[in-house]
Amino acid sequence: MNAPLPHPPAVRTTCPYCGVGCGLIVQPDGPGGATIAGDPTHPANEGRICSKGSALGETLALDARLLHPMLRQPDGSLARASWDIALDRVAGGLKDIVDRHGPDAVAFYLSGQLLTEDYYVANKLMKGFIGSANVDTNSRLCMASSVAGHRRAFGSDTVPGTYADLDEADLIVLTGSNAAWCHPVLFQRMVRNKAERGARIVVIDPRRTATGADADLFLPVAPGMDTALFSGLLVHLAEQDALDESYIRLHTSGFNDALARAKAIAPDIDATAQATGLEAAQVRAFFDLFRTTARVVTCYSQGVNQSAQGTDKVNAIINCHLATGRIGKPGCGPFSLTGQPNAMGGREVGGLANMLAAHMGFSPAEVDRVRRFWDAPRMAEREGLKAVQMFEAIARGEIKALWVMATNPAVSLPRAGAVREALGKLDLFVVSENVLSNDTVNAGPHVLLPAAAWGEKDGTVTNSERRISRQRAFLPLPGEARPDWQIVSDVAAKLGHADAFAYRSVADVCREHAALSGFENGGTRDFDIGGLASISDADYDALAPVQWPVPQTPSPSLEKGGSDCRRQSGEGSTRTATPTRQPPAADLPLSGEGKEKRFFADGGFFTPDRKGRFIATEPPALKEATSADFPLRLNTGRIRDQWHTMTRTGMSPRLATHLPEPFVEVHPGDAARASLVDGGFARVATAHGACIVKVVVTEDQQPGSIFLPIHWSGDTASCARADDLVSACTDPHSGQPEAKATPASIAPVVFAMRGLVRTHRPVVLPNATWWTRVAAADGHEYRIATDHGPLMWHDFAYRMLAADAKLAEHLDQRSYRAEAIVDGEVDGLIWIGPTDQPLSLELGTLDVHDDGVPLAQIAAISLFKTEPVVCACFGVDAARIRNAVASGSAGTVAEIGQATQAGTNCGSCLPELKRMIAQERAKLRTKEPVK
Ligand code: SF4
């Protein structure tokens, strides 16, 4: 008997989803799967992971992967091509367009999902060798306002604090951040601080999210009015003598102007309350908490950033921390929670159109420094076009070539419908991707390049606290996929820049990036990882998470620039990326360095006078007014168990159980006015587009405001692309679009029939059918609403399900049901019935076309459930939790865990459990007889 094959070694790596940057230990199983666990030695998560991270093992299948280069043919079809031919097409196309129209006729659109090394090489090619700064990224949609706010206040894009501050703070303010869902592991860290040290939590959000469940004080601020609240706070701190006069005098400038402007915006508590829509008592309670607590961290995220006044909001927050000297000290500081896994790495390399490289901008001295370092022949000398403007320039025909890497702008950009149209105008449209199908891939690129995915690629990412961690490969590269840095370097070589892009390994790229950060730095720039510039290949492979800055070890050779750095580095590295050899997990190097690095406790800002700048903010005002046609405000955001456009999380059946259908949240008053029914359908429309989604009526939503999740695309739903509806109105400083307050309307939609289709393969549903597709155990499940009658579905079943199967079916005037049976097993099924009748779990008798075919039980029947699954780890739905509370068998989160297992694994559902317990108890109280 053959001995079992040994497991491949375990690998330490980093989660590919949010900016928390959790460390993982991955145990590959050999055939392409892996088990995932949190890395207990990683300082970001200390072994904890959330529902998304723990389901990563369900997302490694290759069925939907792009595995070979593809070229668009004259007849519009795509055909496989060799790498050489595909790269010739990209390089030749870029060269031709630059020759004819100049460098600004080309653009790269990058992604916070790229690794830092990928980002670095793409940025270098465009800004130093093509000669344009038209390099922007989906991070523009995520945290560009934080970048702009940091640069205005600090002179640099610096996150001053660390995650340890969340353990040491006595007051944590979360504004515009649903951290319970979007940064779950970090949020649980805050909750632990509250439980163990008594820290208080204030949540400021127009919408009562899961994060609010743990709040000591919840402030339902009016949409867009954060600046008024923090302006009022600044005034309050000044009037209550709660300023740090010494810090202001020694380390800052501009205080008087900022205070005068704040007084004009929110002169007192009553005026603040009026501007923000809060009660004066709520405002006073918040101001008193902030004033009397020495250790305060204010966390902010997309609710602040995704705004046409996002930069002012960020600066209004920073003003309060500068004024009290609560910055750079343990437990203190403004803290931008970054949405994406490597938005920070992208910022570090300069992957934004208004940054050059290594946190340098476009001053003549900086351009000259980078030119000398890169030995660059054609430097960009001014800022490029930011994301929204970039796609507008494509629509006008000014940008003629676009290379999209690792992102899905056809869904995620505002006015996404217009973006899709614009893509059709390009002379050269290149997409580097993992997947065979998404809205951008389906928008007609001329060249598709298969890129390495998470688990196959190697490099570094930086999380929200400036901690650089390794992502390591633990799977072989499938098909002909290549790492992005290598693809870009190959194109650069074909453009005649082989010497400048002659990286032999990803470690080579890291060394050059590190050397540039330290080049002529001398403490004048915040971002300095020069200490990694001479790291050996072995040390790079074993690199433990490290928080920057990591200053350069004095080394004269590093001053010689990029080429010399590359030549002096590298030990036996190869150009072909292969999985990094790793020792067993127990022997892996420990992650923690045990030392926190903070900025600005004693000033030392990166402005010309080294002082932090107070910013006089503009009065808050939403740029687009509501109207009779669009009387509501559309807010968009994320849900707990999905990530971006679901190209990875959408592969996990477990994650699909949480909130499987696209929905809109509506306040009961607005729902009643619009004749909407909870669980029914609504058409949500703005001036830019419309979608049709399920209705969730909830008091968590403010009157006048509705909420749509951003995750569904044309690949996963018939009509639920939220960003089709979002305004392209942008912040004047950051260029970040307003994704939280587009004027909108809502109206009911009624379908006669509903049901589901379940298949192993994707199917095309009849026109005018509402559908959404979720991952099922061994295929796809389509939830359907339709006005097509049973006969149409009977025909559909014969077209889509019966090719190699025998159908067992039942057809009557109001319903149709069928099982497609292959070798006695259910291969697919369809069930359609009237909307006005309750879903029946009984299939009844099916007619059998072939008497010899046995009927199989339909295992998928439980998926008719309408209750959302709250605990994805153990499949516990809301009804079980409500029943446990209502029956009196469980009244705390711990008791719910004992009764149902919910919340006992990753903990992502704990905020929802708390909220449900509170809601059920409130209901019980109202039912108690009056004594
Ligand atoms: S909190 Fe969850 S999604 Fe974010 S990095 Fe950690 S495991 Fe990944």
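Calculation notes
- Residues numbered from 1 in each chain as written.
- Predicted model: local features only at pLDDT ≥ 70, side-chain atom pairs only at ≥ 80, totals over all residues.
- Heavy atoms only, no water.
- Helix = DSSP H or I, 4+ residues; strand = E, 2+ residues; numbered from the N terminus.
- Rg over C-alpha atoms; globule rule 2.2 N^0.38 Å.
- Buried < 20%, exposed > 50% of the residue type's maximum accessible area, 1.4 Å probe, protein only.
- Contact = heavy atoms within 4.5 Å.
- Areas by Shrake-Rupley, 256 points an atom, 1.4 Å probe, with all protein chains shown as cover.
- Lys, Arg positive; Asp, Glu negative; His and termini not counted.
- Charge placed at Lys NZ, Arg CZ, Asp CG, Glu CD.
- Pairing = 2+ DSSP bridges.
- Axes fitted to C-alpha atoms, helices over the stretch in contact; angles between N-to-C directions.
- Polar contact = N/O pair within 3.5 Å; in protein donor to acceptor, adjacent residues only side chain to side chain.
- Expected span 1.5 Å × (residues − 1).
- Near = heavy atom within 4 Å.
- Parallel < 35°, antiparallel > 145°, perpendicular 65-115°, else oblique.
- Nonpolar A, V, L, I, M, F, W, Y, C, P; charged D, E, K, R; others polar.
- Arc of directions from axis to C-beta.
- Left-handed = near helix turned anticlockwise from the far one by under 90°.
- pLDDT = per-residue confidence, 0-100.
- Phe/Tyr/Trp six-rings, centres within 6.5 Å; stacked < 30°, edge-to-face > 60°.
- Lys NZ or Arg CZ within 6 Å of the ring centre and 35° of its normal.
- Core = buried A, V, L, I, M, F, W, Y, C linked by side-chain atoms within 4.5 Å.

Brief notes about the overall build of the protein
So, point 1. On a plain count of helices and strands, the protein comes out with 29 helices and 35 strands.
So, point 2. Its C-alpha atoms give the protein a radius of gyration of 28 Å, near enough to 30 Å, the size a compact globule of 931 residues would have.
So, point 3. Seen through its C-alpha atoms, the protein measures out along the principal axes to roughly 85 × 75 × 60 Å.
So, point 4. When burial is assessed residue by residue, the protein has 63% of its 931 residues classed as buried.
So, point 5. In the protein, 72% of the contacts between residues at least 6 apart in sequence involve partners at least 24 apart.
So, point 6. In the form shown here, the protein has an accessible surface area of approximately 33000 Å², with 52% of it arising from carbon and sulfur atoms.
So, point 7. The protein carries 93 positive and 106 negative side-chain charges, and their two centres are separated by 3 Å.

Overview of the sheet that holds strand β15 (residues 428-433)
So, point 1. Spatial strand order, β5-β4-β16-β15-β14-β6-β7: 7 strands in an open sheet with mixed pairing. Strand pairing shows two members of the sheet lacking a second neighbour, β5 (78-80) and β7 (135-137), which therefore form its edges. For this sheet, the mean inter-axis angle between neighbouring strands, taken without regard to orientation, is 20°.
So, point 2. Sitting on the sheet, helix α17 (residues 387-395) touches β6 (106-110), β7 and β14 (401-405), and the angle it makes with β6 is about 140°.
So, point 3. Lying over the sheet, helix α20 (residues 484-494) contacts β14, β15 and β16 (447-450), oriented at roughly 155° with respect to β14.

Looking at the side chain of D641
So, point 1. Inspection of the secondary structure puts D641 in the loop between β21 (632-637) and α24 (653-656).
So, point 2. Within the structure, D641 has its side chain in polar contact with the side chain of S51 (distance 2.5 Å).
So, point 3. Within polar-contact distance, the side chain of D641 engages the side chain of R640 at 2.9 Å.
So, point 4. With near-sequence residues (within four places) excluded, D641 lies in contact with S51, K52, T649, L655, H658 and A872.

As for the environment of I746
So, point 1. Here I746 shows up in strand β26 (residues 742-749).
So, point 2. Overall, I746 belongs to the buried group, its relative accessible area being 13%.
So, point 3. Sequence spacing of I746 and Q813 is 67 residues, and the spatial spacing of their C-alpha atoms is 32 Å.
So, point 4. Ignoring sequence-local partners within four residues, the contact set of I746 consists of L632, V664, V666, A674, L676, A682, R683 and V684.

Things to note about helix α3 (residues 116-130)
So, point 1. Taking 1.5 Å of rise per residue, 15 residues should cover 21 Å, and α3 covers 20 Å from first to last C-alpha, within 8% of that figure.
So, point 2. Summarising burial for α3: 15 of the 15 residues are buried, a large majority.
So, point 3. Within two residues after α3, G131 carries a phi angle of roughly 100°, on the positive side.

With respect to the site of the ligand
So, point 1. What surrounds the ligand is the set C15, Y17, C18, G21, C22, I49, C50, K52, G53, P184 and V185.
So, point 2. Residue assignment for the shell around the ligand shows that the elements contributing at least two residues are α1 (51-54) and α7 (184-197).

Side note on the packing of helix α8 (residues 226-239) against helix α11 (residues 269-276)
So, point 1. Running from N to C, α8 and α11 cross one another at 175°; their axes reach a closest spacing of 9 Å. The orientation of α8 with respect to α11, classified from their angle, is roughly antiparallel. For the pair α8 and α11, the contacting residues are A228, L229, G232 and H236 in the first and I269, T272, A275 and T276 in the second.
So, point 2. Residue composition of the contact of α8 with α11, grouped by class: 4 nonpolar, 4 polar and no charged.

With respect to unusual backbone geometry
So, point 1. A cis geometry characterises the amide bond from W548 onward to P549, with omega recorded as 15°.
So, point 2. Within the secondary structure, P549 sits in the loop between β19 (546-547) and α23 (562-568).
So, point 3. Non-glycine residue D375 carries a positive phi angle of around 55°.
So, point 4. Tracing the sequence through the fold places D375 in the loop between α16 (364-374) and α17.
So, point 5. Judged by its relative accessible area of 59%, D375 is exposed.
So, point 6. Phi is positive for M646, close to 65°, though the residue is something other than glycine.

Re the sheet that holds strand β3 (residues 34-38)
So, point 1. Strand order in this open sheet of 3 strands is β1-β2-β3, and the pairing throughout is antiparallel. The sheet is open, and its two edges are formed by β1 (11-14) and β3, each paired on a single side. Averaged over all pairs of adjacent strands, the angle between strand axes in this sheet comes to 35°, irrespective of strand direction.
So, point 2. Where β1 and strand β2 (residues 23-28) come together, 4 bridges link them in antiparallel fashion.

Thoughts on α11
So, point 1. Of the residues making up α11, those classed as buried are I269, T272, A273 and T276. All buried residues of α11 fall inside an arc of 100° around its axis, so they share one side. What points out from α11, more than 90 degrees from its buried face, is the exposed set D270 and Q274.
So, point 2. Buried positions along α11 lie against α8 and α12 (280-292).
So, point 3. Measuring from the backbone nitrogen of D270 back to the side-chain oxygen at the start of α11 gives 3.2 Å, which picks out D268 as the cap.
So, point 4. Following α11 by one or two positions, G277 adopts a phi angle in the positive range, close to 75°.

Examining the packing of α11 against α12
So, point 1. Where α11 meets α12, the closest approach of the two axes is 8 Å, and the angle between their N-to-C directions is 115°. Comparing the axis directions of α11 and α12 gives the class roughly perpendicular. The two elements α11 and α12 cross, and the hand of that crossing is right-handed. Contacts between α11 and α12 involve I269, D270, T272, A273 and T276 from the former and A280, V283, R284 and F287 from the latter.

Thoughts on the confidence of the model for the protein
So, point 1. When pLDDT is averaged along the protein, the result is 89, and 91% of the positions lie at 70 or above.
So, point 2. In the model, residues 554-594 has pLDDT below 50 throughout and makes 94 contacts with residues more than four positions away in sequence or in other chains.
So, point 3. Contacts from residues 851-865, a stretch scored under 50 in pLDDT, to residues over four places away or in other chains number 30 contacts.

Some thoughts on the packing of aromatic side chains
So, point 1. Scanning all chains against the criterion turns up 25 aromatic pairs.
So, point 2. Relative to F474, the ring of W454 lies with its centre 5.2 Å away and its plane at 75°, an arrangement referred to as edge-to-face. A residue pair is termed long-range when its members are at least 10 positions apart, and W454 in the loop between β16 and β17 (459-462) and F474 in the loop between β18 (467-471) and α20 qualify at 20 residues. Across the pair, F474 and W454 agree in class, each one buried.
So, point 3. The ring of F501 has K124 lying over it, and the distance from NZ or CZ to the ring centre is 4.7 Å.
So, point 4. Directly above the aromatic system of W548 lies the positively charged group of R466, at a separation of 5.6 Å from the ring centroid.

As for the nonpolar core
Nonpolar side chains in soluble globular proteins tend to be buried together.
So, point 1. Core analysis: the largest hydrophobic core is formed by 124 residues, its most contacted members being F108, F230, F286, W374 and W403.
So, point 2. In this structure F286 touches V173, V202, I204, L217, L219, L229, F230 and L233, once residues within four positions along its chain are discounted.
So, point 3. Formed by 70 residues, the second largest nonpolar core is a distinct cluster that contains M190, V203, F663 and A717.

A word on the pairing of β26
So, point 1. In terms of burial, β26 is largely enclosed, as 6 of its 8 residues are buried.
So, point 2. When β21 meets β26, the two strands line up antiparallel, connected through 3 bridges. Residue R633 lies in a different strand from β26, and its bridge partner there is P743.

Section: the environment of M360
So, point 1. Mapped onto the elements, M360 comes out in the loop between α15 (343-349) and α16.
So, point 2. Counting along the chain gives 10 residues from M360 to G350, while the straight-line C-alpha distance between them is 7.4 Å.
So, point 3. In contact with M360, not counting residues within four places along its chain, are M355, E366, R369, V370, L516 and R525.

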